[in-house]
Amino acid sequence: MCSVEGLGRKGGIRMGVMKAGGGGGGERVEKLKSSRMKLWMIRATTSVLLWTCIVQLTALGETWGPRVLKGWPSCFSHQDSSVSVIEDRVPSVPARVLPPKRVYKNNGYLMVSCNGGLNQMRAAICDMVTIARYLNVTLIVPELDKTSFWADPSEFQDIFDVDHFITSLRDEVRILKELPPRLKRRVEMGLVHSMPPVSWSDISYYHQQILPLIQKYKVVHLNRTDARLANNGQPLDIQKLRCRVNFNALRFTSQIEELGKRVIKLLRQNGPFIVLHLRYEMDMLAFSGCTQGCNNEEVEELTRMRYAYPWWKEKIINSDLKRKDGLCPLTPEETALTLKALDIDTSYQIYIAAGEIYGGERRMASLSAAYPKLVRKETLLEASDLRFFQNHSSQMAALDYLVSLESDIFIPTYDGNMAKVVEGHRRFLGFKRTILLDRRLLVELIDQYNGGSLNWDEFSAAVKETHESRKGQPTKRLVTPDRPKEEDYFYANPEECLQPSYGQLSSTWDSMVSPYQRGYLSLLLDPLLRLANFGPFLKWIARLNFAFDIDNPTYEA
């Protein structure tokens, strides 16, 4: 670090007592005064520049994140081990400054109907906002799926804060709750062009194929939204906007957040907790055809269900082969063995983030015996707390989503949409530990252990070794251009939005901000840190006696 005295030595300016000699003494005094004045002016100017940058970043923070630059607790950061990480809404806080509206020539209106469960729809909404932005069209608040297996009647505003969704993105795209009256009447009369976009398409497809249709018909309705934008090969601005929508604009309603806060507080009061996304519900087993451990009656029931839903294309499934290929969710019995092999502490609470487990207590017996502190939202909360959520599976899933983000460890037993989206969100929050189970290897090891060819120590060592590099660490997405279904999902690893380190700045940020704030800072500061002259600018400031040590930000007298 540099000090005033050090600066004087390096710059040739004597800051101590100078001996006046002859006629040159007065000249030296004048030079000293002039140098001091210059130094003062440089300090003042630089201070103004830095303060201006901070003000601008704070304004961006109001738009992009939960006031990360003001030192406020983020909506998911830990305050202490017993306090919920979801921030209370404080009435005395002034209303946040809205970002300026983006002005653009509107090319028409885009309506979208999402399909699938909550997290499949969440990712789709991010894609549709991004597409609307780059087509310069007006997006109508997305319609959620009400006809899938879950038959959840929830509207967008029942799950997400619709006003925040609209206003937080107003500097990118215009979003309306409904069409203008004249166009709304046309749609109600069935005069609307409706179509499913091609899966895994580049943004160029939407410019070349969808935009002309919107300009021709004024309104286009996209009736399928799952995986309609490619994971890779998209411009950086598009990937960044997908992240912004996912991590900031899609905020749950205050009712869901408040209940999530209560669940997290109850869990934190009793120490560390793990969220186990045990994907072993009836619909999952019927869809996948995985029947390991089921009796004959259950196998027949699951088969009838699979044939009852025509949009489930695969009907004849060999469960044993699929399991050996790692394509089945782990059973509760397999999960218990895996957790024990990983040396998961039996005193930890394990929160089951899932619907009703198929087979009930009979199938959960081994897991309950190994880990007696199994809890669910239904056991933590009173029935009256959940009465408004009954028969609303997406709202229940939203609660599990919040708890999953805040867990000490997140372990999914199947790589479905929730597992992938939560994995990506936890990466964004500072690469929080997520154990990604290698099901193909696990079932092979489990069969060997159950068959007696491996003893417990050998089995446990093999399981640990396999998962040493599967704990949510920074990694590159797997890209397979010709097989998009087989490559890594963008929302599971949005690496374009993840900045685990900014060189020397990382150690300071790690000690000053929470993982949630650090994720938002990465989005906010990335453009500044990419400026070519930003590094020299910091060094210039240091030379000017700001005494700013990046590794240890203190000031010397």
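The preceding data block contains the structure.
About the thresholds
Residues numbered from 1 in each chain as written. Predicted model: local features only at pLDDT ≥ 70, side-chain atom pairs only at ≥ 80, totals over all residues. Heavy atoms only, no water. Helix = DSSP H or I, 4+ residues; strand = E, 2+ residues; numbered from the N terminus. Buried < 20%, exposed > 50% of the residue type's maximum accessible area, 1.4 Å probe, protein only. Contact = heavy atoms within 4.5 Å. Pairing = 2+ DSSP bridges. Disulfide = S-S within 2.5 Å. Polar contact = N/O pair within 3.5 Å; in protein donor to acceptor, adjacent residues only side chain to side chain. Expected span 1.5 Å × (residues − 1). Bend = angle between axes of the 7 residues up to and from the residue. Core = buried A, V, L, I, M, F, W, Y, C linked by side-chain atoms within 4.5 Å. Domains from an automatic or database assignment. Patch = residues over 30% accessible without salt bridge, like charges linked within 9 Å, V, L, I, M, F, W, Y side chains within 5 Å. Areas by Shrake-Rupley, 256 points an atom, 1.4 Å probe, with all protein chains shown as cover. Salt bridge = Lys/Arg side-chain N within 4 Å of Asp/Glu carboxyl O. Lys, Arg positive; Asp, Glu negative; His and termini not counted. Charge placed at Lys NZ, Arg CZ, Asp CG, Glu CD. Axes fitted to C-alpha atoms, helices over the stretch in contact; angles between N-to-C directions. Parallel < 35°, antiparallel > 145°, perpendicular 65-115°, else oblique. Nonpolar A, V, L, I, M, F, W, Y, C, P; charged D, E, K, R; others polar. Left-handed = near helix turned anticlockwise from the far one by under 90°. Right-handed = clockwise from strand over helix to strand, strands pointing away.

Q: Mind laying out the environment of Tyr449, listing which residues take part and the relevant values?
A: Considering the arrangement of structural elements, one finds Tyr449 in helix α18 (residues 439-451). Under the relative-accessibility criterion, Tyr449 is labelled partly exposed at 26%. C-alpha of Tyr449 to C-alpha of Phe459: the two residues are 10 residues apart in sequence and 6.4 Å apart in space. Each residue touching Tyr449, except ones within four places of it in the same chain, is listed here: Leu337, Leu454, Asn455, Trp456 and Phe459.

Q: Lay out the pairing of strand β9 (residues 409-412) in plain terms, naming residues and giving numbers.
A: Neither face of β9 is left uncovered, since the one carrying Ile409 and Ile411 and the one carrying Phe410 and Pro412 both have all their residues buried. Across 4 bridges, the pairing between strand β6 (residues 273-277) and β9 is parallel. Paired with Val275 across the bridge in β9 is Phe410.

Q: An account of the state of the cysteines is needed here, citing residue identities and associated values.
A: Summed over all chains, the structure comprises 2 disulfides. Here Cys290 is linked by a disulfide to Cys328, with a sulfur-sulfur distance of 2.0 Å. Across the S-S bond linking Cys290 and Cys328, the dihedral sits near -85°, which makes this disulfide left-handed. You can see Cys290 sitting in the loop between α10 (282-288) and α11 (296-308) and its partner Cys328 sitting in the loop between α12 (319-324) and α13 (332-341), a full 38 residues away along the chain. Each of the two residues, Cys290 as well as Cys328, counts as buried. Shown here for the protein chain is a disulfide pattern of 1-4, 2-3, where each number marks a bonded cysteine counted in sequence order. No disulfide involves Cys114; its sulfur sits 9.8 Å from the nearest other cysteine sulfur, which is in Cys126. Exposure remark for Cys114: the relative accessible area of 4% places this residue in the buried category. With no disulfide of its own, Cys126 lies 8.4 Å from the sulfur of Cys243, the closest cysteine sulfur.

Q: Any details on the environment of Asn493? Residues and values, ideally.
A: Following the sequence through the fold, Asn493 ends up in the loop between α19 (456-467) and α20 (505-512). Each C-alpha atom of the pair Asn493 and Glu423 lies 7.4 Å from the other, and the pair is 70 residues apart in sequence. Filtering out sequence-adjacent residues up to four positions away, Asn493 remains in contact with Gly424, Arg427, Thr475, Lys476, Arg477 and Leu498. Separated by 2.9 Å, the side chain of Asn493 and the backbone oxygen of Thr475 make a polar contact.

Q: So what's going on with helix α7 (residues 203-217)? Which residues, and what values?
A: The end-to-end C-alpha distance of α7, which contains 15 residues, comes to 20 Å, matching closely the 21 Å that a straight helix rising 1.5 Å per residue would cover. Residue Ile210 marks the point of greatest curvature in α7, where the axis turns by about 40°; the proline Pro212 follows within four residues. Buried residues of α7: Ile203, Tyr205, Tyr206, Ile210, Leu211 and Ile214, and no others. Its buried side turned inward, α7 meets β1 (109-112), α3 (118-135), β4 (193-195), β5 (219-222) and α8 (236-249). Just beyond α7, the residue with positive phi is Lys218, at close to 75°.

Q: Describe the nonpolar core, listing the residues and the values that go with them.
A: Residues Ile125, Phe156, Phe165, Leu169, Val245 and Phe252 are the most contacted members of the largest nonpolar core, which totals 80 residues. Sort the elements by how many residues they give to this core and α3 lands first, with 11 residues. Structurally, this core is a two-domain feature, drawing no fewer than three residues from each of domain 1 (109-249) and domain 2 (254-497). Filtering out sequence-adjacent residues up to four positions away, Val245 remains in contact with Cys126, Val129, Phe165, Leu169 and Leu250. Leu302, Tyr358, Ile409 and Ile435 belong to the second-largest nonpolar core, a separate cluster that totals 38 residues.

Q: Which residues make up a positive patch on the surface, and what are the values?
A: A contiguous patch of positive charge on the surface is contributed by Lys105, Arg182, Arg185 and Lys218. Here Lys105 lies in the loop between α2 (24-64) and β1. Residue classification places Lys105 among the exposed residues on the basis of a relative accessible area of 70%.

Q: Help me get a handle on the packing of α13 against α19, residues and values and all.
A: If you want to describe how two helices pack, look at the angle between their axes and the distance between the axes. Running from amino to carboxyl end, α13 crosses α19 at an angle of 85°, the nearest separation of the two axes being 8 Å. With respect to α19, the element α13 is oriented roughly perpendicular. Taking contact as the criterion, the partners of Leu337, Thr338, Lys340 and Ala341 in α13 are, on α19, Trp456, Phe459, Ser460, Val463 and Lys464. Of the residues belonging to the contact of α13 with α19, the class tally is 5 nonpolar, 2 polar and 2 charged.

Q: I'd like a description of the packing of α3 against α8, backed by residues and values.
A: With their axes 9 Å apart at the nearest point, α3 and α8 run at an angle of 130° to one another. In terms of orientation, α3 and α8 fall into the oblique class. Judged by the sense of rotation from one axis to the other, the crossing of α3 with α8 is right-handed. When α3 is examined against α8, the residues Arg122, Cys126, Asp127, Val129, Thr130, Arg133 and Tyr134 are found in contact with a partner set consisting of Asp237, Ile238, Leu241, Arg242, Val245 and Asn246. Considered class by class, the residues forming the contact of α3 with α8 number 6 nonpolar, 2 polar and 5 charged.

Q: Can you tell me about the pairing of β5, naming the residues and giving the values?
A: A regular strand carries its side chains on alternate faces of the sheet. Residue alternation in β5 divides its side chains into two sets, Val219 and His221 and Val220 and Leu222, and both sets are buried. In this structure, β1 lies alongside β5, joined through 4 bridges in parallel fashion. Residue pairing in the sheet places Val112 in a bridge with Leu222 of β5. Here 3 bridges tie β4 to β5, and the two strands are oriented parallel to one another. Considered in β5, the bridge of Ser194 is made with His221. Between the parallel pair β4 and β5, the chain is carried across by α7, and the sense of this crossover is right-handed.

Q: Can you lay out unusual backbone geometry for me, pointing to particular residues and giving the numbers?
A: Residues other than glycine seldom take positive phi values, yet Ala227 does so here, at roughly 50°. Tracing the backbone shows Ala227 in the loop between β5 and α8. Backbone geometry at Phe431 places phi at a positive 55°, although glycine is not the residue there. Relative to the helices and strands, Phe431 resides in the loop between α17 (417-428) and α18.

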